[in-house]
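Fold and geometry: a report
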Amino acid sequence: MDYIEKVLEKLKELARKLIEALLGPEAEPESEPIPIPVDDRSRRR
């Protein structure tokens with residue numbers, strides 16, 4: 001039974017490598033943009 005689990009794990013690893021090779025690495029979540037303070041007071045005058 002342990003042999004079957006090892007074979008399945010190797011197959012999963014191989015499939016993951018194949019998918020990464022075809023589609024590229026997994027997309028990383030985008031970091032939140034940092035807000036930049038804007039001085040609007042000069043434009044309103």
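A short tour of the structure in this document, coming up. (Residues numbered from 1 in each chain as written. Predicted model: local features only at pLDDT ≥ 70, side-chain atom pairs only at ≥ 80, totals over all residues. Heavy atoms only, no water.)

Focus: the overall build of the chain
Helix and strand counts for the chain stand at 2 helices and 0 strands. Expressed as a percentage of the 45 residues in the chain, the buried residues total 0%. On the chain, roughly 5,300 Å² of surface is accessible, and the fraction owed to carbon and sulfur atoms is 58%. (Helix = DSSP H or I, 4+ residues; strand = E, 2+ residues; numbered from the N terminus. Buried < 20%, exposed > 50% of the residue type's maximum accessible area, 1.4 Å probe, protein only. Areas by Shrake-Rupley, 256 points an atom, 1.4 Å probe, with all protein chains shown as cover.)

Quick look at the pattern of salt bridges
Taken as a whole and judged by the stated rule, the model has 2 salt bridges. For Lys 6, the salt bridge goes to Asp 2, with nearest N and O atoms at 3.9 Å. Here the residue Lys 6 and the residue Asp 2 both occupy positions in helix α1 (residues 2-23), the gap between them amounting to 4 residues, near one helical turn. In this structure Lys 6 comes out as exposed when scored by relative accessible area, which is 54%. Measuring nitrogen to oxygen at the nearest pair gives 3.6 Å for the salt bridge that ties Glu 13 to Lys 17. Here the residue Glu 13 and the residue Lys 17 both occupy positions in helix α1, the gap between them amounting to 4 residues, near one helical turn. Taking the relative accessible area as the measure of exposure, Glu 13 reaches 29% and is therefore partly exposed. (Salt bridge = Lys/Arg side-chain N within 4 Å of Asp/Glu carboxyl O.)

A closer look at α1
A rise of 1.5 Å per residue sets the reference length of α1, with its 22 residues, at 32 Å; its end C-alpha atoms lie 32 Å apart and thus fit the reference within 8%. Downstream of α1 by one or two residues, Gly 24 has phi in the positive range, about 95°. (Expected span 1.5 Å × (residues − 1).)

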